[in-house]
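Single-letter residue listing:
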Amino acid sequence: MELKKSKDIYNKQKSFINLSKIKVDKKDHDAQIARIKDFLYKPCKKKYVDNQNEIIKNLKNDLFEKKENKETQFKITDTIFKEIELIEDQNLLKYLLHRYRYDIYPEVLKSDAYPPYMQIEPTSICNYRCVFCFQTNKEFTDKKSGFMGHMKLETYKKAVDQCQDNIEFISLASRGEPLSNPLIGKMLEYSNGKFLNLKINTNASLLNENKIHAILSNDVRTLVFSADAADEELYSKLRVRGKLSKVLKNIELFNNIKEKKYSNAKIITRVSGVKVNEFQNFKEMENLWENLVDQVVFVDYCPWEDVYNDKKNHIKQSCSELWRRMYIWWDGKTNPCEIDFKSVLSAGNIFEKNISEIWKSQKYEDLRNKHLMQKRGLIEPCNKCVSI
């Protein structure tokens, strides 16, 4: 399967190239905006993040006052609105503060004590070999390479304990298929109620009754099903080893269990596909998936399958990922970037240093400073990567 030519620059903040229309009732929207305003203008006695007063001031300005005409402003998009609908009153201000850090800090290249977002990898192993993924790299998937493994429950607990009360946006996903870890149910049980937005990215091929109950009973707020086509033939060519019919059956099972047993579950479901060629039709995607999930989206293709053998480029813009998130691999090793799937840029392991120490470490700061000074060309593999 031939992939389309990647763009010269891949903007992670603007990776959505298609998104199904999200239904937002105007009355509900206005009521939520009034609710947000009420909480922003109330005196706040609790401290949720560093620079809290500054962020509240910026939120007031961006959303209501418009006193400062800033190039980068926080906005309540439809996707954010749907998340806010699920947030309890006691957590609304906390959500806004952390969401601001996630949306704005990577844009203005600012950091504080903790990453705005944490991606925890339950496993690096995957049952698929998607044509656009680094799982096609045999050096990576070779069992002797040291890259392959399932996260132990002890490692997961250590990661969650360090994130709790410091990072509110967590994804269980990265280089592998998270539901392939046999401990995924116990992991979800341990993190239940500890984060404002816990997200799982899955190809849905391994969904079964037990895993569905684990997801719906343990406060997962966003469940993303990765699928890129609306017909079996194209799906199988893109997601090698996968069957669309099986995925559809599993998602239907998820919806049946949710409707019968968890009708009040506060969860958003999304189908997310990678747009890699002209044969993928978004309208066909919508027609197939819109009655099965809440949202359907295409994200732009980024050539992450093997950055190490790509040609060096002349990109000088800083990569926002250095200010957006950190990755914790299955063995506790941290990494600033998923495209660097062999961890050349790793700044430490959570068993050696805590997350904040790693995030503020000299190695991380050196990386950021080189990017800020337009010297990413001196860093492997940043000098071959097209992401900003």
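Residues numbered from 1 in each chain as written. Predicted model: local features only at pLDDT ≥ 70, side-chain atom pairs only at ≥ 80, totals over all residues. Heavy atoms only, no water.

In this section: the overall build of the protein. Scanning the protein from N- to C-terminus turns up 14 helices and 10 strands. Taken against the 2.2 N^0.38 rule, which gives 21 Å for 388 residues, the C-alpha radius of gyration of the protein at 20 Å falls within 12% of a compact globule. In the protein, which comprises 388 residues, the share counted as buried stands at 56%. At a minimum sequence separation of 6, the contacts of the protein that also span at least 24 residues come to 76%. Accessible surface, the protein: about 18200 Å² in total, of which carbon and sulfur atoms supply 46%. Taken as two groups, the 67 positive and 55 negative side-chain charges of the protein have centres that lie 2 Å from each other. (Helix = DSSP H or I, 4+ residues; strand = E, 2+ residues; numbered from the N terminus. Rg over C-alpha atoms; globule rule 2.2 N^0.38 Å. Buried < 20%, exposed > 50% of the residue type's maximum accessible area, 1.4 Å probe, protein only. Contact = heavy atoms within 4.5 Å. Areas by Shrake-Rupley, 256 points an atom, 1.4 Å probe, with all protein chains shown as cover. Lys, Arg positive; Asp, Glu negative; His and termini not counted. Charge placed at Lys NZ, Arg CZ, Asp CG, Glu CD.)

Pairing is mixed in the open sheet, where 10 strands are placed in the order β1-β7-β6-β5-β4-β3-β2-β8-β9-β10. Since the sheet does not close on itself, it has two edges, and those belong to β1 (16-19) and β10 (348-349), each with one partner. Here strand β4 (residues 197-202) runs beside strand β5 (residues 222-226); their pairing, made up of four bridges, is parallel. The partner of Ile200 across the bridge, within β5, is Leu223. (Pairing = 2+ DSSP bridges.)

Let us now look at the packing of helix α1 (residues 26-40) against helix α3 (residues 78-85). Where α1 contacts α3, the two axes come as close as 11 Å, and the packing angle between them is 70°. Judged by the inter-axis angle, α1 sits roughly perpendicular to α3. Contacts between α1 and α3 involve Asp28, His29, Gln32, Arg35 and Ile36 on the former and, on the latter, Phe81, Ile84 and Glu85. (Axes fitted to C-alpha atoms, helices over the stretch in contact; angles between N-to-C directions. Parallel < 35°, antiparallel > 145°, perpendicular 65-115°, else oblique.)

Time to look at the packing of aromatic side chains. Counting across every chain of the model gives 16 aromatic pairs. Ring centres 6.3 Å apart and planes at 80° place the aromatic pair Tyr100 and Tyr105 in the edge-to-face group. One exposure class covers both Tyr100 and Tyr105, and it is buried. Taking 5.6 Å as the distance between ring centres and 50° as the angle between the ring planes, the aromatic pair formed by Phe282 and Phe298 counts as tilted. Of this pair, Phe282 sits in helix α11 (residues 282-289) while Phe298 sits in strand β7 (residues 295-300), placing them 16 residues apart in sequence. Across the pair, Phe298 and Phe282 agree in class, each one buried. Positioned above the aromatic ring of Tyr41, the side-chain terminus of Lys60 is 4.6 Å from the ring centre. (Phe/Tyr/Trp six-rings, centres within 6.5 Å; stacked < 30°, edge-to-face > 60°. Lys NZ or Arg CZ within 6 Å of the ring centre and 35° of its normal.)

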